[in-house]
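Analysis of the macromolecular model
Chain by chain, the residues run as shown.
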Amino acid sequence: MAYWEGIRKGNKQAFFDLYNNTYFHLVRFGLKITANDELVKDSVTQLFLQIWEKRHRLSPVTQVRAYLFTALRRMLIDQLEYHAKIETAIERMGQQEAASELPYEEIIVRVQQDEELKRRLYHAMQQLTPRQKELIGLMFFEGYSYQQIADHTSQSVKTVYNTMYNAIRQLRELLK
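Cut-off values and rules
- Residues numbered from 1 in each chain as written.
- Predicted model: local features only at pLDDT ≥ 70, side-chain atom pairs only at ≥ 80, totals over all residues.
- Heavy atoms only, no water.
- Helix = DSSP H or I, 4+ residues; strand = E, 2+ residues; numbered from the N terminus.
- Buried < 20%, exposed > 50% of the residue type's maximum accessible area, 1.4 Å probe, protein only.
- Polar contact = N/O pair within 3.5 Å; in protein donor to acceptor, adjacent residues only side chain to side chain.
- Contact = heavy atoms within 4.5 Å.
- Arc of directions from axis to C-beta.
- Axes fitted to C-alpha atoms, helices over the stretch in contact; angles between N-to-C directions.
- Parallel < 35°, antiparallel > 145°, perpendicular 65-115°, else oblique.
- Left-handed = near helix turned anticlockwise from the far one by under 90°.
- Nonpolar A, V, L, I, M, F, W, Y, C, P; charged D, E, K, R; others polar.
- Core = buried A, V, L, I, M, F, W, Y, C linked by side-chain atoms within 4.5 Å.
- Lys, Arg positive; Asp, Glu negative; His and termini not counted.
- Salt bridge = Lys/Arg side-chain N within 4 Å of Asp/Glu carboxyl O.

1. What about the side chain of Thr22?
- When you line up the elements, Thr22 lands in helix H2 (residues 12-33).
- Residue Thr22 is classed as buried on the basis of its relative accessible area of 5%.
- There is a polar contact of 2.6 Å between the side chain of Thr22 and the backbone oxygen of Leu18.
- Sequence-distant contacts of Thr22, defined by excluding residues within four places in its chain, comprise Phe48, Arg65 and Leu68.

Here it is as C-alpha cells:
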C-alpha cells in the first residue's frame with residue numbers, strides 16, 4: 001500500500017520497488033491464463049506503464065496485489081480475444097482468397113498451353129522471391145493444399161496464405 005501511495009505522488013522509487021516486488025508473481029499468474037510467455041511479459045510491462053502514466057489519477061487501493069492481478073487478468077483476456085479475432089479474420093480472408101484463386105488456377109493451365117504466355121509467366125516468376133516461387137510451385141504445379149505447404153515448409157498456414165496472396169497479387173500485376 002505504501003508503494004501505491006508513493007506512485008500516486010510521483011515517487012519513481014516506489015514505482016520501481018512495486019515493479020520489482022511483483023513482476024515475477026504477476027508473470028507466474030499470467031502464465032496460468034495463457035502459455036504465451038511473451039504476451040504475459042509484455043502485458044505485465046504494459047500494465048506498469050499504464051499505472052505510471054495514470055499515477056496522478058489513480059484511486060487509493062488497499063489490496064494492491066489483488067488490484068494488479070485483476071488488472072493483468074483483464075488485460076490478458078482482452079489481448080487473447082483480440083488475437084482470436086485477428087486469427088478468425090485471417091482464416092476468413094484465406095477462405096475467400098482460396099475461393100477466388102480457382103480462376104487463377106485455370107489461368108496457369110492456359111499459360112502452360114500458350115508459348116507467349118509461358119514466356120511472360122517465366123519472367124514474372126523471376127521477379128518473385130525464392131520463397132514465393134517455391135510456394136507457387138507447390139500449390140499450382142504440385143497440387144499441394146495450404147496445410148500441406150505449411151507442413152512441407154515448416155511455416156504456419158497463416159504465413160503460407162500471406163505469402164501466396166502477395167505472390168499471386170504480384171503475378172497478376174505483372175501479367176496485366
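2. Comments concerning helix H7 (residues 146-153)
- Along H7, the residues that are buried comprise Tyr146, Ile149, Ala150 and Thr153. For H7, the angular spread of the buried residues around the axis is 100°, confining them to a single face.
- Phi for Ser154, located one or two positions after H7, is positive at around 60°.

3. Re the packing of helix H6 (residues 130-141) against H7
- Following both chains from N to C, one finds H6 and H7 inclined at 130°, their axes separated by 10 Å at the closest point. By the angle between their directions, the pair H6 and H7 is classed as oblique. Between H6 and H7 lies a crossing whose hand is right-handed. Residue-level inspection shows Arg131, Glu134, Leu135, Leu138 and Met139 of H6 in contact with H7, the latter providing Tyr146, Ile149, His152 and Thr153.
- A per-class count over the contact of H6 with H7 returns five nonpolar, two polar and two charged.

4. Regarding the nonpolar core
- Of all hydrophobic cores here, the largest spans 22 residues; its most connected members are Trp4, Ile7, Leu18, Val44, Phe48, Ile51 and Leu68.
- Residue assignment for this core shows that the elements contributing at least two residues are helix H1 (2-8), H2, helix H3 (37-53) and helix H4 (64-113).
- Per-element tally for this core: the top contributor is H3, with seven residues.
- Not counting residues up to four positions away in its chain, the partners in contact with Val44 are Tyr23, Leu26, Val27 and Leu72.
- If you look at the next biggest cluster of nonpolar residues, it comprises 18 residues, including Leu128, Ile136, Met139 and Tyr161.

5. As for the side chain of Arg55
- Here Arg55 shows up in the loop between H3 and H4.
- We note that Arg55 is buried and unpaired, the nearest opposite charge coming from Glu53 at a distance of 8.1 Å.
- Of note is the side chain of Arg55, whose polar atom sits 2.5 Å from the backbone oxygen of Trp52.
- A polar contact of 3.4 Å, which involves the side chain of Arg55, links it to the side chain of His56.

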